[in-house]
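Here are the chains, one letter per residue:
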Amino acid sequence: MEVEAFGYSNPSFTNDVTTSDETSEPKISSSVRPEENTSDTHKDSKNRSNSRNENETSEGETLKRDLSSNPLQQNSKGDAENVSNSTHKKSCCMSKKKFYAAVVVCVLTAAFGVAMLAGGYDAMFDTILKSQMEVKPGSRAYDIWKDTPVPLSLSFYLFNLTNPEEFQNGAKPNVSEVGPYVYREYHEKTNLTFNDNNTVAFYQKRWWVWDQEASGDRLEDDPICILNTVPVSAAYSVRKNDFLLSGLNIALNTIGETLTPVYCAKDILFYGYEDPLLDLVYNTTTEHPNVGNGSVVDLPPGLLDYDNMAWFYKRNLSETYDGLYNMFTGTDTLDHLGNIDKWNTMNETEYYTSPCNGIFGSAGEIWPPYQTATNISFWCSDMCATLTLMYKEVITDEFGLEGFRYWADENAFASPDKVPENICYCYEDKDEYSLKNDPDTCPLSGLRDAQTCRMGSPAYISFPHFLHGDPALTAAVNGILEPDEERDQLYIDMIPELGVPMDVRARMQINMQVQPYPGTFGFHFGKIDLLANVREVVMPLLWFEVKAGLTKELAAELKPVVFLMRTATMTIIWILMIVGGVSGFLFLTYRQSKI
């Protein structure tokens, strides 16, 4: 009982035992009973711990049963599984959409490449090219054509006669070449009329401004001794009538006409100089209109239409001098772009016989695209004829652009014995405007007879220094330079794919035939004193060079276009697009089959 009583944790009982007697059994009891109590306590603690574990296990199992039997918990788990399945389905759906989108892109890429390679690109490029090359307001070609933006210059070289008295007495002429006299040249198209037949009618106004810097030490006031073409032309116009020649001789002597006057360069070229014979004719025809029109005497138009003499007299700022042009605009097709349709409302001229009287070729500034290595032609109003240039070589300009060079070769002004078809440029006389072709009356090779075009004067056109001409021409004149192809050739460098000139050198020489008029059988009848003793010679008077070229800005604008037209760059791009599209399609289908 004590043990059982000691086993309880009662503080009052413990205190009572300790304080009653410290030497009694309670001391022994304190040493033995605690051991027994400790063992029992451990056992009891262990039992309680096992009981708690059993209770926890039982509670866990109960909780699991409760959770498993809880419908809310089951719904939460089902929702999670549904979300997972939905996400997977969406991922699959998105993958399929991306797959189909990628397939469509590949197919379209390949199809586009095939379409471009099959001609779509060419058609598209040609459409864009046509829109910019046709001459109509708003196109790039129109802006360039109407007001020429490229710098132009006109350089003159005059032949100064150094032995005028000896020449008049029968000696071979001695000349010295003086120049250059350089003028800046400007072009503007005026009075434009667009017609229903895809042509445009216009006048061309040109003007020239003195360029002292380009002329170097040459001055407009330089004195030049020249051949006076006025009495030479007047005598030639009545050469077959001794009576009229005698009357002309009296008039020339009376007014004090001279054969080799000295004038300033600017007067010879543009401003004009007064001539006694021109003054006489002007005053006479003003008072007596029938004189000179054929009723009394048939004088050349040059003596009737001008009060002064100069090579470019009344041309500066003239809108009508070059004539009325009618040109194809390329609106319907670029095959005729820039070609002349009519000149002064005519398809043919009265200056030469067929086919040399035909008006055809370019109007002179633009050509149809896709030119070939054969020839090009252009209408030249100063020659009253079409000039054809032959392909010469491939050239590269200062900006790196490559093009074709077309030039006037040895056949351009060749005599009929060398080029038979040139016989239509030859004639004997202009009798009632009927031209007679006769090989015996054709000039030497290297000359183009221009008397009908040049108002009845015995004028001949050649290339500078008689390039490609008969050697007799240079042998007849002392001091003229030997022909040099590089210096004297007329050529046009062109981008053939565009028909656009890159560089132009239009070089011509003006000459006049001088012949003696000694009179009939040694008498004065039909004699012209000024020309009685001169030797027959084709006298060089001047040569000129019109120079034009692309600007740096225009060259930079044309380079990309030329690059695309000449290279296979776009073809390679279309092929790569086809290959890329097909390859991508095959890869995508293969990858999809593995999923």
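The following paragraphs examine the structure supplied in this document. Residue numbers restart at each chain and count upward from 1, following the sequence in its written direction. This being a predicted model, a pLDDT of at least 70 is required before a residue's local features are given, and a value of 80 or more before pairs of side-chain atoms are given or counted; all residues contribute to the totals for chains, interfaces and linings. Only hydrogens and water are set aside; all other atoms, that is, all heavy atoms of the structure, feed into the side-chain values.

### Considerations on the state of the cysteines
Here, the word disulfide means a covalent bond between the sulfur atoms of two cysteines.
Piece 1. Criterion for a disulfide: a pair of cysteine sulfur atoms at a distance within 2.5 Å. Evaluation of the coordinates by the stated rule reveals three disulfides.
Piece 2. Across the disulfide from Cys356 sits Cys424; the S-S distance is 1.6 Å. Its torsion about the S-S bond being 45°, the disulfide of Cys356 and Cys424 is classed as right-handed. Of this pair, Cys356 sits in the loop between strand 9 (340-343) and strand 10 (375-380) while Cys424 is found in the loop between strand 12 (402-407) and strand 13 (430-431), placing the two residues 68 residues apart along the sequence.
Piece 3. Cysteine pairing in the protein chain follows 1-3, 2-6, 4-5, where each cysteine in a disulfide is numbered by its order in the sequence. Numbering of helices and strands starts at the N terminus; helices are DSSP runs of H or I of at least 4 residues and strands are runs of E of at least 2.

### Notes on unusual backbone geometry
Piece 1. Here the bond from Gly179 into Pro180 is cis, since omega is 5°, no more than 30 degrees from zero.
Piece 2. Note that Pro180 resides in strand 2 (residues 175-194).
Piece 3. The step from Ser354 to Pro355 runs through a cis peptide bond, and the omega angle for that step is 5°.
Piece 4. Tracing the backbone through its elements, the reader meets Pro355 in the loop between strand 9 and strand 10.
Piece 5. The backbone of Asn344 shows a phi angle near 55°, a positive value even though the residue is not glycine.
Piece 6. Of note, Asn344 is situated in the loop between strand 9 and strand 10.
Piece 7. The exposure class of Asn344 is partly exposed, given its relative accessible area of 31%. Using a 1.4 Å probe on the protein chains alone, a residue whose accessible area is under 20% of its type maximum counts as buried, one over 50% counts as exposed, and one in between counts as partly exposed.

### With respect to the packing of helix 9 (residues 242-255) against helix 11 (residues 276-287)
Geometry of a packed helix pair, given as the angle between the helix axes and the separation of the axes.
Piece 1. As a packed pair, helix 9 and helix 11 sit with axes 9 Å apart at the nearest point and diverge in direction by 115°. The orientation of helix 9 with respect to helix 11, classified from their angle, is roughly perpendicular. Of the two possible hands of crossing, helix 9 and helix 11 adopt the one that is right-handed. Within the contact between the two elements, helix 9 uses Leu248, Ala251, Leu252 and Ile255 and helix 11 uses Pro276, Leu277 and Leu280. Helix axes are fitted only over the stretch in contact, all axes being lines through C-alpha atoms; the angle between N-to-C directions runs from 0 to 180 degrees. Roughly parallel means an angle under 35 degrees; roughly antiparallel means over 145; roughly perpendicular covers 65 to 115; every other angle is labelled oblique. Helix crossings get a hand from a simple test, with the near helix turned counterclockwise from the far one by less than a right angle marking a left-handed crossing and a clockwise turn marking a right-handed one. Only heavy atoms enter the contact rule, under which two residues are in contact if any of them lie within 4.5 Å.

### A closer look at the environment of Leu576
Piece 1. As for its position among the elements, Leu576 is in helix 16 (residues 569-593).
Piece 2. Accessibility expressed as a relative area gives 57% for Leu576, which makes it exposed.
Piece 3. Sequence separation of Leu576 and Thr109 is 467 residues, and the distance between their C-alpha atoms is 9.7 Å.

### Quick look at the pattern of salt bridges
Piece 1. By definition here, a salt bridge exists when the distance from a side-chain nitrogen of Lys or Arg to a carboxyl oxygen of Asp or Glu is within 4 Å. Per the counting criterion, the structure on display carries 22 salt bridges.
Piece 2. Here Arg507 ties to Glu545 by a salt bridge, and the two come within 2.8 Å at their closest N and O atoms. Of this pair, Arg507 sits in strand 18 (residues 500-514) while Glu545 sits in strand 19 (residues 537-549), and the two are 38 residues apart along the sequence. Glu545 carries the same exposure label as Arg507, and that label is buried.
Piece 3. Members of the salt-bridge network, linked through shared partners, are Glu185, Arg206, Arg315, Asp322 and Asp382.

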